[in-house]
Amino acid sequence: MEKGRKLYIRSLVNIAAEPIAYFWPMRTFITRNPLREFEYKPFKEALKDGELLFGGRGYLKREDYRYLYFEGHMKEESLKEGIREFLSSVESASGLPYEELLFTLFVEDVKEPSLNALYKGKISNDTMSVLLEHFKEDPAKVCKDILTSVGLKHTLQDIIDILTGKDLSQTIDELTIKTAFDFLDEGQSTIDMPGRSAGFYKAWRELARKNLRFFLWTGKNLKDMVENFEEPEDAIDYVLKSFGIPEDLWEKYISLELARLKGIAGFIKWRSHNKFYYWQKVHPVDMVDYTAIRLLIAKAVIDANKKDLPFEANYKALEEFLSKDYAKAYLKYELNSKRCPPQLLDRMKDYLKKPYEKVEEYTKSKAEITALSYYQFLANWTKKVGIDINDLSPKQVLDLIKIYEKFKEEEGYIYLKALEDTHIDSLVKSIRLAQEDTQERPIAQAFFCIDVRSERFRRHLESLGRYQTYGIAGFFGVPVAMVDLRKGHEEFLCPVIVTPKNVVFEVPYNKKSVEKEKAASQILHGVKDHILAPFVAVEMVGFAFGFDFLGKTFLPDKYLKLKDVAFKDNTKTSIIVNKLSDEEIQQIMQSYYFTIIKNVLRENFGIQTISDEIVSQVYEACLNGNNSLPENLKKAVEVLRNKYKIDRGYVEIFKERLKSIGFTKEEQAFLISTALKSTGLTKEFAPIVLILGHESRSENNPYESALDCGACGGASGIYNARIFCIMANDPVVRQIMAQKHGLQIPEDTVFIPGIHNTTTDEVFLYDLEFLPARYIPILDKINQDLKIAKELTLQERAKPLDVKNPQDVYRKAYDWSEVRPEWGLSGNYAFIIGRRSITSFAKLDGRVFLHSYDYNVDKKGFLLENILAGPAVVGQWINSEYYFSTVDNEVYGSGSKVYHNVVGRIGVMTGNYSDLRIGLPAQTVLKEGKPFHIPIRYILIIEAPFDLARNAINKIRKIRDLLQNGWINLLIFDPETGIFYRHLEGVWVKYLEKEEVKL
């Protein structure tokens, strides 16, 4: 294939993959909108596109909205207003109470039209004639619609299924899934797929030639094809041409193929765009590879079954079949797509023997049955409002059916909007004008993550008096790559929309204990992964493993508390946050490379006496190519350069990596000042400021990272908290903050890091060994109050978790059979940017993100812009994930946890074979099959002068686009006037004016 054509195919695939949202590895589960790539479209249009591509619903079912209505989450007037707005946009006959009818349809359990429930009474001839005309289908038109659906809604194998009942897609999926997981495995499988370093397509191509599974399902077809195509672009071009798909449909056709396994495709897309991800570097994969493999498998499976098809497996033959044999095609479609009424199933065999003679009889009979089912439905419906269906004219009956059909298309949005308006009204009424703080200096100020779960704890801590709390994204404004003492590799502790430039290291105080810890970790890791794991585990550490099993199974809460104490890592650590000097970098490099050189000379070349001068000469030769060395040292140089990468290029790369370690004092001062200013804390500091990250605790839970801190990349927030405090407590940093940023922190103020466990509501404080003794009495009081706040929060959380005793909440955290250790962020619906005093008296029930902000320290709106561009966008991701996982948990969520299996260490699948499940499990958003999470679009409220807030919104393109396309609800609360403004239909309108007297 010529280069231009090859580039065209690659571009085509990458464009076709655009609708597929990223899927991050499960261990760093990132909540995101599964329709994120459709956010450039209006909300309602995007939902329709999502349904076409993925088959997912965009709204709850009517009965679920009805359930929420009767639970008090939707006001009657909000719903009726939506119905009236709908009726104003449709033409209807006069004389019928449509508003009452549609409202009754919602609140009453009126059964939908059913082909098994037909009207038994007499219908006037005129009415029946009108109904038959409305419901009778044109077989030729239906067949034409089937053809136009290719590339829009259906692939060729989908068409084969709906015309013949032969489900080839399942076979294609199964072969693709097995292939993908074999390649993408990240150490879970005991046997590796061979040749993975060559890339996905090449590795699979070698395997496909001799794999028995492929041969059983495709015969020789697949083997013959892969032999002919060394490059994936050639394969893609061949398959689509052999299918005869018009080239202008290729992009959408490929999108449909990718969407079939959107989890796997989303993960491959993410990996291909993250070149520095370890597994991508060693086993490269991209969307072109995956598309080629999927299409080749599809082609081979279809070809293997072509003798059973009524047409050749290509677009032109399909077009001919649907046009020339439209009667037969239509009847087959009716039978195999289950559109045929049950009353006609026993006649279908006869119809298919003489399709052209019988198709008219079939369509007429189907129309009669459909008309009778609808007439029975209308009779039941109108009876609810005191109308006899037989009293209506034929035109009124037909108009009612047409309005019902249009309402069916729009009702989800009407219910959604009513839910949203109810929530907005309630939330706005709970917000008050900011009050002047007249209390004495607080005993402590506490920074929490904006996470909705923090709201409950903050409220209860504040109720104890002399505490001020602040909300900020849980990475505390310090994006960083962290090298954890136990993991030894970088972990990005910041939102995924940020790429950190600085690396920090956790270092031990007690080197001996760290070495012991690492040794134990390596042993256990090896045991877990070894093919003889069950036997080796018992032989090596049988008591520990056996006791672990018994404890987790029969006494989970008590056992794991005991284990925490018994096995707690007592290694004291600190974190390197300061930049290394040039001298320090030089010393590290010299120590590192000189150690390698000495080991190689000693172990590979038997040189025992090695002076620093010899090492230095060898090192210089590696960098500059010194030919005057003895022969044995020349060979050593060759080994060091080739095997250990000691040459000028790699040394310079190593040097640059060392330069990325830590932050300068000026950088630290800027980050701390910006974080404090963005929350409004610029004066009147308490003696103790707690910086509390958050994490969750659960056993046997693949979704654990979904409960950790999203702002920290799905990890615990403790390291971010510790890093922030180290910087904020540094006297040099404080001096720069005062001089350059106008922020004076009193000398007696100390920052203490801690972690809030959202599953148990315990708070643990860290690095207390650095705390001067004079703070101990205050800290004792704080610890007592933190425990009281914990108990109050547990009492509030116990009811929705269905536990009688708040202490039973602990059991959910420690029980490895628990499918719902906590509700997580379920229920989230709003994000408020403003001072705490406007919400401090509101009962927000742990459902609202709270980001502290004081416009008085942000005259130009720069800080507000940062909040909107970062935390506010991430909040929308979270809200969208919960929304879609609730409205259609099977398609956009991940179904029940009960059937999940971890696969490849990258995610979960359902049962033995399925796509990667992309969203949240049912247990996170549903309760007894009903929505626990109330799915509404994100409500963003900003407390700031109207012009300042509007200008900031206009500068952040992402927020502006989400607003204009209807993905979010946005309100501005102007504290200067006490007026709420809401963005509706493209304009800002006055929504509500507060009557309180502003102080």
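Here the structure is a predicted model, which means the values were calculated and not measured.

In terms of helices and strands, the protein carries 41 helices and 19 strands. In terms of overall size, the protein behaves like a compact globule, its C-alpha atoms giving a radius of gyration of 33 Å where 999 residues would be expected to give roughly 30 Å. Expressed as lengths along the three principal axes of its C-alpha atoms, the size of the protein is roughly 105 × 80 × 55 Å. Counting over 999 residues, the protein shows a buried share of 55%.

Where helix α13 (residues 232–243) contacts helix α14 (residues 250–260), the axes come no closer than 12 Å and their chain directions differ by 105°. With respect to α14, the axis of α13 lies roughly perpendicular. Between α13 and α14, the contacting residues are D237, L240, K241 and F243 on the first element and W250, Y253 and I254 on the second. Taken together, the residues of the contact of α13 with α14 break down into five nonpolar, no polar and two charged.

This paragraph deals with the packing of aromatic side chains. Under the counting rule described, the total for this entry stands at 48 aromatic pairs. An aromatic cluster is built from Y65, Y69, F70, F86, F103, F106, F407 and Y415, whose rings are joined through pairwise contacts. Here K44 stacks its cationic end above the ring of Y413, 4.7 Å away from the centre of that ring. Between the NZ or CZ atom of R937 and the centre of the ring of F43, over which it lies, the distance is 4.9 Å.

A complete count under the given rule lists 69 salt bridges for this structure. One salt bridge in this structure joins R5 and D237, with 2.7 Å as the shortest N-O distance. Of this pair, R5 sits in helix α1 (residues 3–16) while D237 sits in helix α13, and the two are 232 residues apart along the sequence. Of the two residues, R5 and D237, both sit in the buried class. R213 is paired through a salt bridge with E174; the nearest N and O atoms lie 3.5 Å apart. Here R213, found in helix α11 (residues 212–218), pairs with E174, found in helix α9 (residues 168–184); they are 39 residues apart in sequence, far enough to count as distant. On the accessibility criterion, E174 (25% relative accessible area) is partly exposed. Through salt bridges with shared partners, one network takes in R5, D237, K241 and E247.

Moving on: unusual backbone geometry. Backbone geometry at F476 places phi at a positive 60°, although glycine is not the residue there. Residue placement: F476 occurs in the loop between β2 (467–472) and β3 (480–483). Non-glycine residue E985 carries a positive phi angle of around 50°. Relative accessible area serves as the criterion here: at 74%, E985 is assigned to the exposed category.

This paragraph deals with the nonpolar core. Core analysis: the biggest nonpolar cluster contains 232 residues, and W204 and L868 have the highest contact counts within it. Here this core takes 15 residues from helix α22 (residues 394–430), the largest share from any one element. Apart from the residues within four sequence positions on either side, W204 is in contact with T179, M193, F214, L222, V226, I293, L296 and I297. The next biggest cluster of nonpolar side chains, apart from the first, holds 37 residues, and it includes V577, A715, I723 and M737.

Bringing the sheet that holds strand β7 (residues 688–695) into the picture now. Reading across from one edge, β2-β1-β7-β8-β9 is the order of the five strands in this open sheet, with mixed pairing throughout. Each edge of the open sheet is held by one strand with a lone partner, namely β2 and β9 (763–765). Neighbour-to-neighbour, the strand axes of this sheet turn through a mean angle of 25°, independent of strand direction. Both strand β1 (residues 444–449) and β2 contribute to a ladder of six bridges, which runs parallel.

Pairing in this open sheet of six strands is mixed, and the strands run β11-β10-β16-β17-β18-β19 from one edge to the other. Each edge of the open sheet is held by one strand with a lone partner, namely β11 (848–852) and β19 (987–993). Looking at each pair of strands side by side, their axes are set apart by 20° on average, direction ignored. Bridging between strand β18 (residues 979–984) and β19 involves six bridges; their strand directions are antiparallel. Across the sheet, the residue bridging to Y981 is K990, located in β19.

The subject of this paragraph is helix α10 (residues 200–208). Along an α-helix, residues three or four positions apart point the same way, because every turn accommodates 3.6 residues. What α10 keeps buried is the set F200, Y201, A203, W204, R205 and A208. Where the residues of α10 are buried, they touch α9, α11, α12 (221–228), α13, α15 (262–272) and α17 (287–304).

With that settled, consider the confidence of the model for the protein. Put simply, the protein has an average pLDDT of 89, and 92% of its residues get 70 or more. Across residues 510–551 the pLDDT falls below 50, and counting only partners more than four positions away or on other chains, this stretch makes 31 contacts in the model.

Okay, the packing of helix α7 (residues 139–148) against helix α18 (residues 315–324) next. When two helices pack together, their arrangement is given by the angle between the helix axes and by the axis-to-axis distance. One way to put it is that α7 packs onto α18 with a least axis distance of 9 Å and a crossing angle of 170°. The angle between the axes of α7 and α18 places the two elements in the roughly antiparallel class. Contacts between α7 and α18 involve C143, I146 and L147 from the first element and Y315, L318, E319 and L322 from the second. Looking at side-chain class alone, the contact of α7 with α18 contains six nonpolar, no polar and one charged residues.

Turning our eyes to something else, we now look at the pairing of strand β10 (residues 830–834). Across the five residues of β10, five count as buried, placing the element largely inside the fold. Residues A830, I832 and G834 point to one face of β10 and F831 and I833 to the other, with burial holding for every one of them. Here β10 pairs with β11 via five bridges, running parallel. From the neighbouring strand, G834 faces β11, where its bridge partner is S852. As paired elements, β10 and strand β16 (residues 939–943) share four bridges and run parallel to each other. By the bridge assignment for β16, F831 is matched with L940.

Within the fold, N720 resides in helix α33 (residues 718–728). Accessibility expressed as a relative area gives 1% for N720, which makes it buried.

The next point concerns a nonpolar patch on the surface. On the surface, L212, F215, L216 and W217 cluster together to form a nonpolar patch covering roughly 480 Å² of accessible area. Along the chain, L212 falls in helix α11.

Take the environment of I646 next. One can find I646 in the loop between α29 (631–642) and α30 (648–659). Each C-alpha atom, one on I646 and one on C622, is 6.1 Å from the other, the two residues being 24 residues apart in sequence. Contact partners of I646, with chain neighbours within four places excluded, come to Y593, I596, I597, Y619, C622, L623, L640, R641 and V651.

This brings us to the pairing of strand β4 (residues 490–493). Along β4, the buried face is formed by E491 and L493; none of E490 and F492, which line the opposite face, is buried. Bridging between β3 and β4 involves four bridges; their strand directions are antiparallel. By the bridge assignment for β4, V480 is matched with L493.

Of the residues making up helix α19 (residues 326–336), those classed as buried are A327, A329, Y330, L331, Y333 and E334. The inward-facing, buried residues of α19 abut α7, α8 (156–164), α18, α20 (348–353) and α21 (355–383). The positive-phi residue at the C-terminal boundary of α19 is K338, with phi of around 60°.

Our focus in this paragraph is the environment of P500. Inspection of the secondary structure puts P500 in the loop between β4 and β5 (503–508). Considered as a pair, P500 and A180 are 320 residues apart in the sequence and their alpha carbons are 30 Å apart. Ignoring anything within four residues of it in the chain, the contact list for P500 reads P479, V480, A481, F492 and C494.

Let's shift gears to the side chain of D974. The topology assignment puts D974 in strand β17 (residues 969–974). A distance of 2.9 Å separates a polar atom in the side chain of D974 from the backbone nitrogen of E976. With residues near it in sequence (within four places) discarded, D974 still touches A944, P945, F946, I979 and Y981.

What follows concerns the state of the cysteines. What the rule picks out here adds up to zero disulfides. Here C449 is not cross-linked by a disulfide; its sulfur's nearest cysteine counterpart is in C709, at 4.2 Å. Here C709 is not cross-linked by a disulfide; its sulfur's nearest cysteine counterpart is in C712, at 3.3 Å.

So, how was this worked out
- Residues numbered from 1 in each chain as written.
- Predicted model: local features only at pLDDT ≥ 70, side-chain atom pairs only at ≥ 80, totals over all residues.
- Heavy atoms only, no water.
- Helix = DSSP H or I, 4+ residues; strand = E, 2+ residues; numbered from the N terminus.
- Rg over C-alpha atoms; globule rule 2.2 N^0.38 Å.
- Buried < 20%, exposed > 50% of the residue type's maximum accessible area, 1.4 Å probe, protein only.
- Axes fitted to C-alpha atoms, helices over the stretch in contact; angles between N-to-C directions.
- Parallel < 35°, antiparallel > 145°, perpendicular 65-115°, else oblique.
- Contact = heavy atoms within 4.5 Å.
- Nonpolar A, V, L, I, M, F, W, Y, C, P; charged D, E, K, R; others polar.
- Phe/Tyr/Trp six-rings, centres within 6.5 Å; stacked < 30°, edge-to-face > 60°.
- Lys NZ or Arg CZ within 6 Å of the ring centre and 35° of its normal.
- Salt bridge = Lys/Arg side-chain N within 4 Å of Asp/Glu carboxyl O.
- Core = buried A, V, L, I, M, F, W, Y, C linked by side-chain atoms within 4.5 Å.
- Pairing = 2+ DSSP bridges.
- pLDDT = per-residue confidence, 0-100.
- Patch = residues over 30% accessible without salt bridge, like charges linked within 9 Å, V, L, I, M, F, W, Y side chains within 5 Å.
- Areas by Shrake-Rupley, 256 points an atom, 1.4 Å probe, with all protein chains shown as cover.
- Polar contact = N/O pair within 3.5 Å; in protein donor to acceptor, adjacent residues only side chain to side chain.
- Disulfide = S-S within 2.5 Å.

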